[in-house]
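# A closer look at the structure
What follows is the residue order along each chain.
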Amino acid sequence: MALSISISRFSFYFVSLVLLLSSFSFVCFSLSTVSISHISNQTLVCALTNQSYIQCSSFPLNSIRFSLTGNLRNSRFSGLVSGNGFVCGLISAHDSNISTLICWRFSVNGANMSRKRIYQGPELEQLEAGNSRICGIETVSRRLRCWQPVYMPRLANYNSIAVSDNLFCGLLQLPGRISCEQEGISKVPSGDHYIAIAAGSRQACAITVNNDMECWGQPQFPPREKFSALAIGENRSCGVRWSNGTVVCWSNNNNNFNLPQTLEDIHFTSIYAKGDIFCGVATKNYTLYCWGNENFKSGIFVPFEGRISKLVMPGPCRKECPYGPLLGSQSLCSNDLMICDLKRKDGVFPDTRAQQHSKNKTWSTRNIVFVIVGCVGTLSSLLVISFLVYKSNYRCRVHDSGRLDDNRTIDIPKLEKRLSSLASLGNPGQLMEFSIIELSQATNGFCVRFQLGIGSFGSVYQAVLSDGRHVAIKRAELTNPASSRTTMKNRRADNDSAFVNELESMSRLNHKNLVRLLGFYEDTEERILVYEYMENGSLSDHLHNPRFDPITWQTRLNIALDAARGIQYLHEFVVPPVIHRDIKSSNILLDAMWTAKVSDFGLSQMGPTEEDDVSHLSLHAAGTLGYIDPEYYKLHQLTTKSDVYSFGVVLLELLSGYKAIHKNEEGNYRNVVEYVVPYIFMDEVYRVLDPRISPPTPFEIESVAHLGHLAADCLTPCGRKRPSMGDVVSRLETALAACLVAPTEKVTRSNSY
């Protein structure tokens, strides 16, 4: 009985705590619908209006006026931020958990506008910006994302953030403590009772669970009042009074900055600031008022007065609202969405109500013990769940950010320019440009359970597209945030080079023994390639993975011949020829009919043609250990014969079943070339044949011996003495023909008895 009572009380406290935490989350997390930015001597005010457009207007000259739309089906703008010379809108598709951040750069007169997407990925719940920096928080994982950062914040799991170019502050939980990342800042308030923060260029303020305000940084002289919202500008601040929703303003240096008298009796749902300008959305009619500039007539500026869509959205549209929709706001949203009223009908916010309840209730020592135990257990559970969600989301990421000042735009991707330059070499139009949303949905957010493997370029995932095609998706990996900047830069350069090489090669290649590239996706950070799916995996799997059944000698000869024909096509039928540079068993893939196809052209290079005066390319050695041509490695002279050497190593793998680099009986690493080739020269290849399959028949042994001598010739130290891939194909055809004679003659003899 006592146990059941304890469990019931624990459940009560657990539910109460969860409700309290969710209430804090609801109060503090929101997307802004108004933004302020500066360019030259102009100030630009933008807002989301009742038609879900971004309306913008400037002063004092009012020379910049424009409207922006998302142009995405079943999507609406849900948030807005801006900085010097740019404005960004967050688009959320309400039938998925994906957000898209699109930014527009504009000139002083507004005539020149360039548009680009800088993010598309897991849904963002909060978005803040300084003059040049943007940061956001993912809804599910609480991961922090920053674009064009002066520095990356040290902590990555804030629950709420405040951003300027000189200051970054965040709440680590709700209610929680404050962490700020700026050198020289002092007297950051301690304690874990804060529910909201706001930051300016050199100062910040926070609201406590009691709705009191505490400020730090540059000296300030705030009034002793309770607040529900704050806006911090340059040496001045304003706040929405908790009691009645009116606004009070104050200066940080006693210069008598006050709210204009005409706005003193107006109630505001939200306020915003940047520099010396403040704007607020009126509760009564959702009109946007701005103040703070001495040039304003009557001290105020109404940016969208006289426009058809002049009603400014007082908050983002949401699916559910704990306290119901904001009165009169339903018409501003669509798809059964609503703008939430953050205040209860009795005028009490959840944190204040909880506090009053705690004051009026008499607590016993036993109750306190139950609360402590319940809270500790609950918080531990929440931390474990948050960690698991974070790890899962980190492994199943969708998209990363890019620099806002990158020259690439969403309308004319830089990649299209690269592809157009290849038109004379082939048909780049055969490649389809996929959307990140389609690829993400096909792999459930690039989750591990769809992963086929991990290579030098990144991870490979299997997926079924919306049109039913079964594909393999190769995606460049993110650099580790803990890596050094040099390492991250080098990794990015390698991925870019591999991505472009693959496109340059595959956009002009078409052969039944080359894996077909279907399309790609590319933006500021993502590099994704989409291939036909190869049902039977790689040759390496079937040779070296004990989970796979061993393949017969005849199948091995067929695979060798298919792969050789693909490489011959690269060397002898493509102009200029293509040198693969990474021929190995894991890059030879097998389709449902066991046809072998060469893949992975990330290291490929265009070789010299017959008209060139050179016989090789001077390049630093690249490839995979155990397969690299020693002559190429020593002299840095790349020719088609370097691929021939690598293919010779693959032939040894087919013969022996050993990896290119493997451990011998004593556990020491051994090179398959050094081990197998001497037996071939002694005509004793039978000593090193793959023991996983039956010894070759008398008819097969001739083909196997032929294969061994061909491998030895491909591995000749002097590249000029190695056979061409055309010669390799011819000799493999002879070896396979000898092997295929066996079954026919056996059947004939069997019938003769």
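Remember, predicted model here, so these are calculated numbers, not experimental data.

Rules used throughout
- Residues numbered from 1 in each chain as written.
- Predicted model: local features only at pLDDT ≥ 70, side-chain atom pairs only at ≥ 80, totals over all residues.
- Heavy atoms only, no water.
- Helix = DSSP H or I, 4+ residues; strand = E, 2+ residues; numbered from the N terminus.
- Buried < 20%, exposed > 50% of the residue type's maximum accessible area, 1.4 Å probe, protein only.
- Contact = heavy atoms within 4.5 Å.
- Areas by Shrake-Rupley, 256 points an atom, 1.4 Å probe, with all protein chains shown as cover.
- Axes fitted to C-alpha atoms, helices over the stretch in contact; angles between N-to-C directions.
- Parallel < 35°, antiparallel > 145°, perpendicular 65-115°, else oblique.
- Left-handed = near helix turned anticlockwise from the far one by under 90°.
- Pairing = 2+ DSSP bridges.
- Disulfide = S-S within 2.5 Å.
- Polar contact = N/O pair within 3.5 Å; in protein donor to acceptor, adjacent residues only side chain to side chain.
- Phe/Tyr/Trp six-rings, centres within 6.5 Å; stacked < 30°, edge-to-face > 60°.
- Lys NZ or Arg CZ within 6 Å of the ring centre and 35° of its normal.
- UniProt positions renumbered as here; feature names shortened; annotations may be inferred.
- pLDDT = per-residue confidence, 0-100.
- Salt bridge = Lys/Arg side-chain N within 4 Å of Asp/Glu carboxyl O.
- Patch = residues over 30% accessible without salt bridge, like charges linked within 9 Å, V, L, I, M, F, W, Y side chains within 5 Å.
- Expected span 1.5 Å × (residues − 1).
- Core = buried A, V, L, I, M, F, W, Y, C linked by side-chain atoms within 4.5 Å.
- Nonpolar A, V, L, I, M, F, W, Y, C, P; charged D, E, K, R; others polar.

## Observations concerning the overall build of the protein chain
Per the secondary structure count, the protein chain includes 13 helices and 40 strands. Residues classed as buried in the protein chain amount to 53% of the 753 residues present. For the protein chain, restricting intrachain contacts to residue pairs at least 6 apart in sequence, the fraction spanning at least 24 positions comes to 55%. For the protein chain, the accessible surface area stands at approximately 35100 Å², while carbon and sulfur atoms represent 52% of it.

## Quick notes on the packing of helix α10 (residues 640–656) against helix α12 (residues 698–714)
The description of two packed helices rests on the angle between their axes and on the distance between the axes. In the contact formed by α10 and α12, the axes pass within 8 Å of each other and the chain directions differ by 150 degrees. In terms of orientation, α10 lies roughly antiparallel with respect to α12. Considering how the two elements wind past one another, α10 and α12 form a crossing that is left-handed. For the pair α10 and α12, the contacting residues are V644, Y645, G648, L651, L652 and L655 in the first and V704, L707, G708, L710, A711 and C714 in the second.

## Thoughts on the sheet that holds strand β15 (residues 194–199)
Paired through backbone hydrogen bonds, the strands of a sheet run either parallel or antiparallel to each other. Spatially, the three strands line up as an open sheet ordered β15-β16-β17, and their pairing is antiparallel. In this open sheet, the two edge strands, each paired with only one partner strand, are β15 and β17 (213–217). Averaged over all pairs of adjacent strands, the angle between strand axes in this sheet comes to 20 degrees, irrespective of strand direction. Sheet analysis places strand β16 (residues 203–208) next to β17, joined by five bridges and oriented antiparallel. Across the sheet, A206 pairs through a bridge with E214, a residue of β17.

## Digging into the state of the cysteines
A covalent bond bridging the sulfur atoms of two cysteines is what the word disulfide describes. Tallied over the full model, the rule gives seven disulfides. Here C46 is linked by a disulfide to C56, with a sulfur-sulfur distance of 2.0 Å. Its S-S torsion of approximately 115 degrees makes the covalent link between C46 and C56 right-handed. Here the residue C46 occupies a position in strand β2 (residues 42–48), and C56 occupies one in strand β3 (residues 54–59), the gap between them amounting to ten residues. Taking relative accessible area as the criterion, C56 reaches 0% and is therefore assigned buried. Note on cysteine connectivity: C135 is disulfide-linked to C146, with sulfurs 2.2 Å apart.

## Describing the side chain of H662
Assignment of secondary structure puts H662 in strand β39 (residues 661–663). Taking relative accessible area as the criterion, H662 reaches 7% and is therefore assigned buried. A polar contact is formed between the side chain of H662 and the backbone oxygen of K659, at a distance of 2.9 Å. Setting aside anything within four residues of it in sequence, one finds H662 in contact with N668, Y669, R670, N671 and V672.

## Structural notes on the sheet that holds strand β12 (residues 160–163)
Pairing within the open sheet is antiparallel, and its three strands lie in the order β12-β13-β14. The sheet is open, and its two edges are formed by β12 and β14 (178–180), each paired on a single side. Averaged over all adjacent pairs, the angle separating strand axes in this sheet is 15 degrees, with direction ignored. The pairing of strand β13 (residues 168–171) with β14 spans three bridges and is classified as antiparallel.

## Focus: the pairing of strand β10 (residues 134–138)
Both faces of the sheet carry side chains from a regular strand, because those side chains alternate between them. The buried fraction of β10 amounts to five of the five residues, a majority that puts the element mostly inside the structure. By the bridge criterion, five bridges tie strand β9 (residues 124–129) to β10 in an arrangement that is antiparallel. For L127, the partnering residue across the bridge sits in β10 and is G136. Where β9 hands over to β10, the hairpin turn is made up of four residues, counted between the paired strands. Hairpin geometry of β10 and strand β11 (residues 144–147) is characterised by an intervening segment of five residues between the two adjacent antiparallel strands and by a positive phi of about 65 degrees at R142.

## Some remarks on the packing of aromatic side chains
Tallied over the full model, the rule gives ten aromatic pairs. Geometrically, the ring pair formed by F227 and W250 is tilted, given 5.7 Å between the ring centres and 45 degrees between the ring planes. With F227 in strand β18 (residues 227–232) and W250 in strand β20 (residues 247–251), the pair connects residues that are 23 residues apart, well separated along the chain. Each of the two residues, F227 as well as W250, counts as buried. The rings of F257, F268, F278, Y289 and W291 are connected pair by pair, giving a single aromatic cluster. Directly above the ring of Y675 sits R670, whose terminal nitrogen or CZ lies 3.7 Å from the centroid.

## Looking at the UniProt feature "binding site: ATP" (unreviewed entry) in the protein chain
Following the UniProt record, the feature "binding site: ATP" (unreviewed entry) maps to K474 here. Within the fold, K474 resides in strand β30 (residues 470–476).

## Brief notes about the confidence of the model for the protein chain
For the protein chain, per-residue confidence averages 76 on the pLDDT scale, and 68% of positions sit at 70 or higher. Throughout residues 479–484 the model reports pLDDT below 50, and contacts reaching past four residues in sequence, or to other chains, amount to five contacts. A low-confidence stretch, residues 742–753 (pLDDT under 50), is modelled with four contacts involving residues beyond four sequence positions or located in other chains.

## Quick look at the pattern of salt bridges
Per the counting criterion, the structure on display carries 13 salt bridges. With its nearest N and O atoms 2.9 Å apart, the salt bridge here joins E684 to R687.

## Things to note about the pairing of β2
Most of β2 sits inside the fold, with seven of its seven residues counted as buried. On β2, burial covers both faces: Q42, L44, C46 and L48 on one face and T43, V45 and A47 on the other are all buried. When strand β1 (residues 34–39) meets β2, the two strands line up antiparallel, connected through six bridges. Looking at the pairing, I36 lines up with V45 of β2. In this antiparallel pair of consecutive strands, β1 and β2, the connection spans two residues, and S40 shows a positive phi of 55 degrees.

## A few points about a nonpolar patch on the surface
On the surface, L625, I661 and Y669 cluster together to form a nonpolar patch covering roughly 370 Å² of accessible area. Mapped onto the elements, Y669 comes out in strand β40 (residues 669–671). Judged by its relative accessible area of 64%, Y669 is exposed.

## Description of helix α8 (residues 553–573)
Here α8 contains 21 residues, and its C-alpha end-to-end distance of 29 Å stays within 8% of the 30 Å for a straight helix at 1.5 Å per residue. Among the 21 residues that make up α8, 15 are buried, leaving the element largely enclosed by the rest of the structure.

## Looking at the nonpolar core
Of all hydrophobic cores here, the largest spans 58 residues; its most connected members are F647, L652 and L732. Where this core is concerned, the elements lending two or more residues are α7 (539–544), α8, β34 (588–590), β35 (596–598), α10, α11 (672–681), α12 and α13 (725–752). With ten residues, α8 is the single largest residue contributor to this core. In this structure, L652 is in contact with G657, V672, V673, V676, V677, I680, A711 and L715, ignoring residues within four places of it in sequence. By size, the runner-up hydrophobic cluster in this structure holds 37 residues, among which are V34, V45, I54 and C279.

## Quick word on the packing of α8 against α10
At a minimum axis separation of 11 Å, α8 and α10 run at an interaxial angle of 170 degrees. Considering their axes alone, α8 and α10 lie roughly antiparallel with respect to each other. Taken together, the residues of α10 that come into contact with α8 (itself represented by W553, R556, A560, A563, A564, I567 and H571) are T640, D643, F647, L651, E653, L654 and L655. For the contact of α8 with α10, the residue count by class is nine nonpolar, two polar and three charged.

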